[in-house]
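# Structural overview
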Amino acid sequence: MKTKSRVLASVLALGLSVTTLAACSSNNGDNGGASNAGGNANAGGASGAKDTITALLPPVSPTYQDNFEQMAKDFNAANPNLTLKIEPASWEDMTQKLDTQVNAGSPPDIAFIGSDGISKYVQQGMLMDIKDAATSDMIADYDPAPMEYMKNGDGIYGFPAYMEAHALGGNKEFLEKAGIDYKSVQKNGWTYDEFREAIKKGVVKEGDKTSRYGFVFATAGVASKDYLNILVKNAGMPNAFTTDNKYAYTSKNFLEVLKDIRQLIDDGSMPKELSSVDAGKRWNMFLTGQTMITGKGLATFENSANKNNEKIDANDGSAVKGSIKADYIVLPVPSFLGQPAVTTVAVDGYVTFRGKKEPTAEHKANVVKAAYFLASGKVAATTNNDLFVAHITKTGRTAAESMTVNRNPDNVAAVSTLLSHAAPARPDIPVELGAKAIKLEDEVMIPKLQALLAGELKPEDMYDALKKAAIDAFGEDGVVKD
Amino acid sequence: MNPSKKSFIKRKFGGDAGWGYIFIAVALVVFALFTAYPVASAFIISFQDYKPLGSTFIGLDNYTETFKDALFWRSIRTTIVYTILTVPVALLLSFAVAILILPLKKWMQTTFKAVYYLPAVASGVALSVVWLWIFDPMESGIFNKLIGLFGIGNQNWLGSSSTAMFSLVFMAWLSSHGTSIIIYLAALLGIDTSYYEAADLDGASFLQKLRYIVIPCLKPTTLFLLVTGVIGSFQVFQNAYLMTGGGPDNATTMVGLLIFNNAFKYFEFGKAAAQSLVLAAFIAIVALLQFKFFGKEVEY
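Residues numbered from 1 in each chain as written. Chains lettered and ligands numbered in written order. Predicted model: local features only at pLDDT ≥ 70, side-chain atom pairs only at ≥ 80, totals over all residues.

### Details of the overall build of chain B
For clarity, the threshold we go by: The helix and strand labels rest on DSSP assignments: H or I over at least four residues marks a helix, E over at least two residues marks a strand, and numbering proceeds from the N terminus. Note on method: radius of gyration uses C-alpha positions; expected globular size equals 2.2 Å times residues raised to 0.38. The exposure scheme places C-beta atoms from the backbone and then counts, for each residue, the other C-beta atoms within 10 Å of its own, assigning buried at 20 or more, exposed at 12 or fewer, and partly exposed in between. Contact between two residues is assigned whenever their backbone-derived C-beta positions fall within 7 Å.
Counting its regular elements, chain B contains 15 helices and two strands. A compact globule built from 300 residues should have a C-alpha radius of gyration of about 19 Å, whereas chain B, at 25 Å, is more than 25% larger. Along the first, second and third principal axes, the C-alpha atoms of chain B reach 85 × 65 × 35 Å. Each of the 300 residues in chain B was classed as buried or not, and the buried ones make up 29%. Within chain B, counting contacts between residues at least 6 apart in sequence, those at least 24 apart form 67% of the total.

Rendered as structure tokens:
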């Protein structure tokens, strides 16, 4: 009896061990999807051999992930020997999931990420350069400006999905009440002084309390770096590095922008609690009429505002609590110090990765086919329409002709104007310099900006701290001195 | 085989001993795979410039950089402040709640234990969302509404360096004491009732019983909770990551968050591994000091 129970216990213990190990091994198998695919192609050799392409994709647009099955089917119908295996991820999980897979040496073949992440993965050596595998027809399908964002050095690391302007968004009714000729602003832009006076007019007070601010920009959480980055582009610093690769934010113009940032809060046009306002909070403030203008503004916000308006009309309980009907107006970011307006753009796209094994030419070509399929034609047209963003491929524009989108034509024209002076891509910046700038931004610039917004630091002190850190990082000759 | 060697093997691995090894095999395998191997890997990586496609050995560079990094030392100081402010209060609260639950009927004890343990089961992210609402800087925030009743204006709880640390500490004071309460309660139930009976005969008051019976008997438990509490507090990451992101001006950048950023934001795994090992050594020293100073009078 004693021996029997011991044997039974041992079997259970072994069973548990095997289950644990099996779980690990099956996990490894999943992670190794990309390299397996590469391996298959390797083995197959000849063109037309079966291959699987893995893609890690977040919910790019509200309906994007609902279409995965159809996308995989359509891709397989066009390429019978290829299987597109899509792994969905939430936006929250996306970076962590991808980074874990990258650092384990087994990333997916394709991942949807921002082009600003390319340099990080290039430095890791984990991106797949597709310049030899992408055909000239494929490349020619794209507008040149967004395509440049997918480059680093000489390499091309995927296809762009869209180029979205980071703008501001206004409430039409409040803008009109404040006497702001928004149509003229959309066409001609505005200077900082004009903007400052305009948002002062948008402030509504009830006794001592402000019931509506002129301008609220999200500066907490994931949006923390946007505010300053968007503003400084319009102050003669379209990139953190000048064309001769000197760190630009040591320029005196940077200090002037910091002073202006503080001034807008001190005017009472922006809340003094701005440093804690995150993206969700400021959108809620916009929809509930607590601000006239918000930032950063994305084209898709017009869609969100329209949907909320419909819910209010239909007395739908899922409308944002306390919200009012709001017509969303796209507005440009003001320019500073007489400098030309430069629009910050987000170019996101389908970035191509490699595993530890060198991918074969066949597998590379197959990955390129899949990335192009996702980033052009019907798929791109559907996704971009869903997001209200401009099409950047010829095939996408053609496919979109048969689709209807209910957009404010003034906003469409405004976005088009903004994109006409989009900040150019800088694939020439060495990855090491780029990595240093990102670290400087995360460890000095954003923390100091938070203190500046909270009124705990003077603009001059923030500027001095950043300048010192920049000189430590890039050397005396590596920074702008003016 | 030499008969004496054979009998040694039989003595060590045969019979009950052999079964013992089989039974601990699962735990050993799990420990080796998920604890020993990652620690050993981290040790090796700490001497490398880690890259998935091939790392290079760089000697002590990661350690030198760590020791020169002003932000690392600042994050250590911040973590120490956080630990000093949270752990003792958390222990006191857990102890007080356990004392309050002790005289209750069993079903009520169980109910309270479940209620206090509930936050440990709930997702940290979900809890943080609730706390973000509580600390909302505008008028709609619960705390701002509360202090508004006393005529105090809105506070930028998480956005100002004068209140951000307090906000995280306050959050720690009011959440996740479930485990400590259960452990304290189990220890309280383990105290021999004859001590209380003797104290009653001597006419001891509640406070005297607490001072002369309960506290001395709970010393091993308190030491255990103190050591594990300090270790947990030094590794704190989630609250700072989700609530403040380490800001403003790095006022809430705990060392755990800094290590995470180095590893997953900048892909500097070598530096992150070196910082983790320095932190581990620091925690080990603090734990040893705790045993040295607080463990003297502990009877196990």
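More follows now that the structure is in view.
### As for the packing of helix H5 (residues 106-121) of chain B against helix H9 (residues 178-189) of chain B
All names here are of chain B. To be explicit about the condition: Axes, fitted as lines to C-alpha atoms, cover a helix only where it is in contact. Angles between the N-to-C directions of the axes lie from 0 to 180 degrees. The classification used treats Ala, Val, Leu, Ile, Met, Phe, Trp, Tyr, Cys and Pro as nonpolar, Asp, Glu, Lys and Arg as charged, and all other residues, Gly among them, as polar.
Running from N to C, H5 and H9 cross one another at 145 degrees; their axes reach a closest spacing of 7 Å. Taking contact as the criterion, the partners of Lys113, Tyr116, Tyr117, Pro119 and Ala120 in H5 are, on H9, Gly178, Thr179, Ile181, Ile182 and Leu185. Partitioned by chemical class, the residues of the contact of H5 with H9 number seven nonpolar, two polar and one charged.

### Here we look at the UniProt feature "transmembrane region" (unreviewed entry) in chain B
Residues and elements named next belong to chain B. Cut-off, in case you're wondering: UniProt positions are given in the numbering used here, feature names are shortened, and annotations may be inferred rather than shown by experiment.
Annotation from UniProt places "transmembrane region" (unreviewed entry) at residues 21-45, 80-102, 114-134, 164-191, 212-234 and 272-291. Strand forms 0% of residues 114-134 and helix 90%; the C-alpha atoms that close the span are 24 Å apart. Overall, residues 212-234 shows 96% helix and 0% strand. The separation of its end C-alpha atoms is 32 Å.

### Overview of the nonpolar core
The criterion, for reference: Any nonpolar core is a set of buried residues, restricted to Ala, Val, Leu, Ile, Met, Phe, Trp, Tyr and Cys, that join up through C-beta atoms within 7 Å. For the domain bounds, the source is a domain assignment made automatically or taken from a database.
Residues A:Tyr247, A:Tyr249, A:Tyr350, A:Ala370 and A:Ala371 are the most contacted members of the largest nonpolar core, which totals 135 residues. Per-element accounting of this core gives the leading share, nine residues, to helix H19 (residues 431-453) of chain A. Mapping this core onto the domain boundaries places at least three of its residues in each of domain 1 (49-164 + 346-420) and domain 2 (165-342 + 429-478) of chain A. If we ignore the near neighbours within four places in the chain, the residues touching A:Tyr249 are A:Val232, A:Met237, A:Ala240, A:Phe254, A:Leu466 and A:Ala470. Counting residues in hydrophobic clusters, the runner-up holds 31 residues, among them B:Val87, B:Ala172, B:Ala251 and B:Met254.

### Topic: the interface of chain B and chain A
Facing 30 residues of chain B, the contacting portion of chain A comprises 34 residues. Every element with two or more residues in the side of chain B that touches chain A is listed here: helix H2 (15-45) and helix H14 (255-265) of chain B. In terms of residue count, H2(B) provides more of the side of chain B that touches chain A than any other element does, seven residues in total. In terms of residue class, the side of chain B that touches chain A is built from 18 nonpolar, nine polar and three charged.

### Looking at the domain arrangement of chain A
Residues and elements named next belong to chain A. Domain boundaries in chain A define domain 1 (49-164 + 346-420) and domain 2 (165-342 + 429-478). Spacing between the C-alpha centres of domain 1 and domain 2 amounts to 29 Å. On the domain 2 side, the residues contacting the 19 residues of domain 1 number 17 residues. Looking at the side of domain 1 that touches domain 2, the elements with two or more residues in it are helix H5 (118-124) and helix H18 (409-420). Top element by residues in the side of domain 1 that touches domain 2 is H18. It accounts for eight residues. Split by residue class, the side of domain 1 that touches domain 2 holds ten nonpolar, six polar and three charged.

### Concerning unusual backbone geometry
With omega at -10 degrees, the peptide bond leading from A:Gly295 into A:Lys296 counts as cis. Note that the residue after B:Gly247, namely B:Pro248, is joined by a cis bond; omega there is -10 degrees. Mapped onto the elements of the fold, B:Pro248 is located in the loop between helix H13 (238-244) and H14. One non-glycine residue with positive phi stands out, namely B:Asn250, at about 60 degrees. Position of B:Asn250 relative to the elements: it lies in the loop between H13 and H14.

### Overview of the packing of H2(B) against helix H15 (residues 269-294) of chain B
All names here are of chain B. Cut-off, in case you're wondering: By convention, the crossing between two helices is left-handed when the near helix turns anticlockwise from the far helix through less than a right angle, and right-handed when the turn is clockwise.
Direction vectors running N to C along H2 and H15 enclose 115 degrees, while the axes themselves pass 8 Å from each other. H15 is crossed by H2, and the crossing has left-handed handedness. Contact residues: H2 offers Ala42, Phe43 and Ile45, while H15 offers Phe269, Gly270, Ala273, Ser276 and Leu277. Considered class by class, the residues forming the contact of H2 with H15 number six nonpolar, two polar and no charged.

### Considering the pairing of strand E11 (residues 344-352) of chain A
All names here are of chain A. The criterion, for reference: For two strands to count as paired, DSSP must find a minimum of two bridges between them.
Across the nine residues that make up E11, a large majority, eight, are buried. For strand E3 (residues 110-114) and E11, the ladder comprises five bridges, and the chain directions are antiparallel. Following the sheet pairing, isoleucine 113 is matched in E11 by glycine 349. As judged from the eight bridges shared by strand E6 (residues 158-171) and E11, these two strands associate in the antiparallel manner. Looking at the pairing, alanine 165 lines up with valine 345 of E11.

### Some remarks on the pairing of E3(A)
The side chains of a regular strand alternate between both faces of the sheet. Residues and elements named next belong to chain A. The element E3 is extensively covered by neighbouring structure, given that four of its five residues are classed as buried. Summarising the sheet, strand E1 (residues 51-57) and E3 pair through two bridges and their orientation is parallel. When the bridges of E3 are listed, leucine 56 appears paired with alanine 111.

### As for the UniProt feature "domain: ABC transmembrane type-1" (unreviewed entry) in chain B
UniProt records the feature "domain: ABC transmembrane type-1" (unreviewed entry) at residues 76-290 of chain B, using the numbering of this structure. For residues 76-290 of chain B, the end-to-end C-alpha separation is 18 Å, with 74% helix and 0% strand making up the annotated structure.

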